[in-house]
Amino acid sequence: MIWFAVLAGAAGCYAAKVAGLSVPPRVLADPRVQRVAVALPVALLAALVVTQTVTTGRTLVLDARAAGLAVAVVAALLRAPFLVIVVAATAAAALIRLVT
Amino acid sequence: MDRTSAAPADDAGWARQRHRVLRDALAVGVSTGAYGLSFGAVAATAGLSLPQASALSLLMFTGASQFALVGVIAGGGAPLAAAATATLLGARNAFYGLRLASVLGQRGPGRLLAAHLVIDESSAMATLRDDPRESRLAFWATGVAVFVLWNLATVAGAVGAGRLADPTVLGLDAAAPAAFLALLAPRLRDRGTWALTAAAAALALALTPVVPAGVPILAAALLVVAVAARRPSATGAAR
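Everything numeric here is computed off the predicted structure, so don't read it as measured data. (Residues numbered from 1 in each chain as written. Chains lettered and ligands numbered in written order. Predicted model: local features only at pLDDT ≥ 70, side-chain atom pairs only at ≥ 80, totals over all residues.)

Thoughts on the overall build of chain B
Here is step 1 of the chain: Along the backbone of chain B there are eleven helices and zero strands.
Here is step 2 of the chain: Projected onto its principal axes, the C-alpha coordinates of chain B cover approximately 70 × 50 × 30 Å.
Here is step 3 of the chain: Classification of the 239 residues of chain B by burial places 54% in the buried group. (Helix = DSSP H or I, 4+ residues; strand = E, 2+ residues; numbered from the N terminus. Buried ≥ 20, exposed ≤ 12 C-beta atoms within 10 Å, placed from the backbone.)

Comments concerning the overall build of chain A
Here is step 1 of the chain: Scanning chain A from terminus to terminus reveals five helices and two strands.
Here is step 2 of the chain: Listed by position from the N terminus, the elements making up chain A come as α-α-α-β-β-α-α.
Here is step 3 of the chain: Its C-alpha radius of gyration of 18 Å places chain A more than 25% over the 13 Å reference for a compact globule of 100 residues.
Here is step 4 of the chain: Once the C-alpha set of chain A is aligned to its principal axes, its extents read approximately 55 × 40 × 25 Å. (Rg over C-alpha atoms; globule rule 2.2 N^0.38 Å.)

Let's talk about the interface of chain A and chain B
How big an interface is tends to be expressed through the accessible area that disappears when the partners come together.
Here is step 1 of the chain: Every contact between the two is made by 64 residues of chain A and, on the other side, 82 residues of chain B.
Here is step 2 of the chain: Mapped by element, the contributors of at least two residues to the side of chain A that touches chain B are helix H1 (2–22), helix H2 (25–29), helix H3 (31–54), helix H4 (64–77) and helix H5 (82–99) of chain A.
Here is step 3 of the chain: Looking at the side of chain A that touches chain B, its residues break down into 47 nonpolar, eleven polar and six charged. (Contact = placed C-beta atoms within 7 Å. Nonpolar A, V, L, I, M, F, W, Y, C, P; charged D, E, K, R; others polar.)

Quick look at the environment of A:Cys13
Here is step 1 of the chain: One can find A:Cys13 in helix H1.
Here is step 2 of the chain: Residues A:Cys13 and A:Pro31, spaced 18 residues apart in sequence, show a C-alpha to C-alpha distance of 23 Å.
Here is step 3 of the chain: In contact with A:Cys13, other than residues within four places in its own chain, are B:Met60, B:Thr62, B:Ser65, B:Ala86, B:Thr87 and B:Gly90.

What about the environment of A:Leu45?
Here is step 1 of the chain: As for its position among the elements, A:Leu45 is in helix H3.
Here is step 2 of the chain: Taking the number of C-beta atoms within 10 Å as the measure of exposure, A:Leu45 has 27 and is therefore buried.

Considering the nonpolar core
Here is step 1 of the chain: In this structure, A:Ala43, A:Ala47, A:Ala89, B:Ala200 and B:Ala221 are the most contacted members of the largest nonpolar core, which totals 119 residues.
Here is step 2 of the chain: With 13 residues, H3(A) is the single largest residue contributor to this core. (Core = buried A, V, L, I, M, F, W, Y, C linked by C-beta atoms within 7 Å.)

Observations regarding the packing of helix H3 (residues 63–74) of chain B against helix H4 (residues 79–90) of chain B
Relative orientation and spacing of two packed helices are given, respectively, by the angle between their axes and the distance between those axes.
Residues and elements named next belong to chain B.
Here is step 1 of the chain: Where H3 contacts H4, the two axes come as close as 8 Å, and the packing angle between them is 160°. In this view, H3 runs roughly antiparallel relative to H4, as classed from their interaxial angle. Judged by the twist between their axes, the crossing of H3 over H4 is right-handed. Judged by residue contacts, Ala-64, Ser-65, Ala-68, Leu-69, Val-72 and Ile-73 of H3 engage Ala-81, Ala-82, Ala-83, Thr-85, Ala-86, Leu-89 and Gly-90 from H4.
Here is step 2 of the chain: Grouping the constituent residues of the contact of H3 with H4 by class yields ten nonpolar, three polar and no charged. (Axes fitted to C-alpha atoms, helices over the stretch in contact; angles between N-to-C directions. Parallel < 35°, antiparallel > 145°, perpendicular 65-115°, else oblique. Left-handed = near helix turned anticlockwise from the far one by under 90°.)

Focus on unusual backbone geometry
All names here are of chain A.
Here is step 1 of the chain: Positive phi values are uncommon outside glycine, yet Arg-79 reaches one of about 60°.
Here is step 2 of the chain: When you line up the elements, Arg-79 lands in the loop between H4 and H5.
Here is step 3 of the chain: Its 10 C-beta neighbours within 10 Å are what place Arg-79 among the exposed residues.

Quick notes on H3(B)
All names here are of chain B.
Here is step 1 of the chain: The terminal C-alpha atoms of H3 lie 16 Å apart, and with twelve residues this matches the ideal 16 Å at 1.5 Å per residue to within 8%.
Here is step 2 of the chain: With twelve of twelve residues buried, H3 lies mostly within the body of the structure.
Here is step 3 of the chain: Every buried residue belonging to H3 is among Gly-63, Ala-64, Ser-65, Gln-66, Phe-67, Ala-68, Leu-69, Val-70, Gly-71, Val-72, Ile-73 and Ala-74, and all of these are buried.
Here is step 4 of the chain: Trailing H3 by a residue or two, Gly-76 shows a phi angle of about 90°, which is positive. (Expected span 1.5 Å × (residues − 1).)

As for H1(A)
Here is step 1 of the chain: Under the 1.5 Å per step criterion, the end-to-end length of H1(A) is 30 Å for 21 residues, consistent within 8% with the ideal 30 Å.
Here is step 2 of the chain: Every buried residue of H1(A) is accounted for by A:Ala5, A:Val6, A:Gly9, A:Ala10, A:Gly12, A:Cys13, A:Tyr14, A:Ala16, A:Lys17, A:Gly20 and A:Leu21.
Here is step 3 of the chain: In this structure, the buried side of H1(A) is in contact with H2 of chain A together with helix H2 (50–60), H3, H4, helix H5 (92–104) and helix H6 (109–116) of chain B.

This is the structure in C-alpha cells:
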C-alpha cells in the first residue's frame, strides 16, 4: 500500500511540473489561481507541522516531539539554516527521552 | 545570443560566468543533499523500505512533497491521503514552470526531462539571472547537481536510520515536524500568511479526533485556501 502512495504521489507531482511548462501562461497568471498558489503550501505545511507534532493516529499526544518543535521554532526565529533547525529539534527530542 | 557575433572578450566573460554558475549549482546541490540525509532518515523511521525511499527521491523528486507523503504515512494515514497531500504541495512547481517555460524554450522530450528537474532550487537559481543563456545553464546545472546529491543522501540517510533498533530514541520522529516548520518559516511574510497558518493548524487539530488520519491535513488546507482565495486581502499581494 505504501507503494501505491509512492507511485501515485510521484505521478501527481510530475504532472504538476509538466503542466507548468505546458499550459497557456494566462491560466496560471489568473489572480485567483495565484492566490491559491501562495496560500496552498502555507496551509498544508501549517497543518503538517501541528499534526506531526501533537497527534498519533486520531489522538492528541504531548510528548518529546513538542519539545523538539519548540527548539525548532527558536532556531527558525534565529534564521538558522534548514539542517540546523532539523538537527536541533531531533537533539532536543532525544535529550527529553533520555532524561524522562 | 548570436555566437558568430560574439567577440573573444565576450567568450572569456562567458567562461567566467559559466564557472560561477556551475560553482553555485554545486554549492546548492551539496546543501540540499545534506537535507536529503534527513529525508532518508525520516522515511526509514516512518517505516518505508530503502527502495520506497529511493523511489520517492528518484521519481517524485520534490522535497516538501516527499516529507509530506512520508509524514502522512507515519501518522497512520491512508495511501490516497498521502499521495493527495504530496501532489497538492507539489502544485507550486507548476508556477515555477510558468516562469521557466520562456527561459528554457524546450519542446518535446526535452521539456519532459526538464519538467522533472523543476524544483524550488533549480527555479530560484534560473530566475535569479537575467541572461537567458546563464538562466538555462543555472537551471540544468542546479537540477542535475541536486538530483544526484539528493538521491545519494536519501540512500545514506535511510540506511543509517534503518540500522537503528528504535529511531525515536534519537528523536528522529521530531525531524519531520521540524522540517515542515523550516519550509514554512520563510513563507510567513505578512499578516495574511500568519492568519492562514493559524487557521489551518487549528482546523487540522480540531478534525484529528473525528476523521481518519491524514485527512485533517488535506481538509484543513483545502478549506482554509478556499476561504482565502475568495478574499484578496487574506494572502496579501500575489507573487
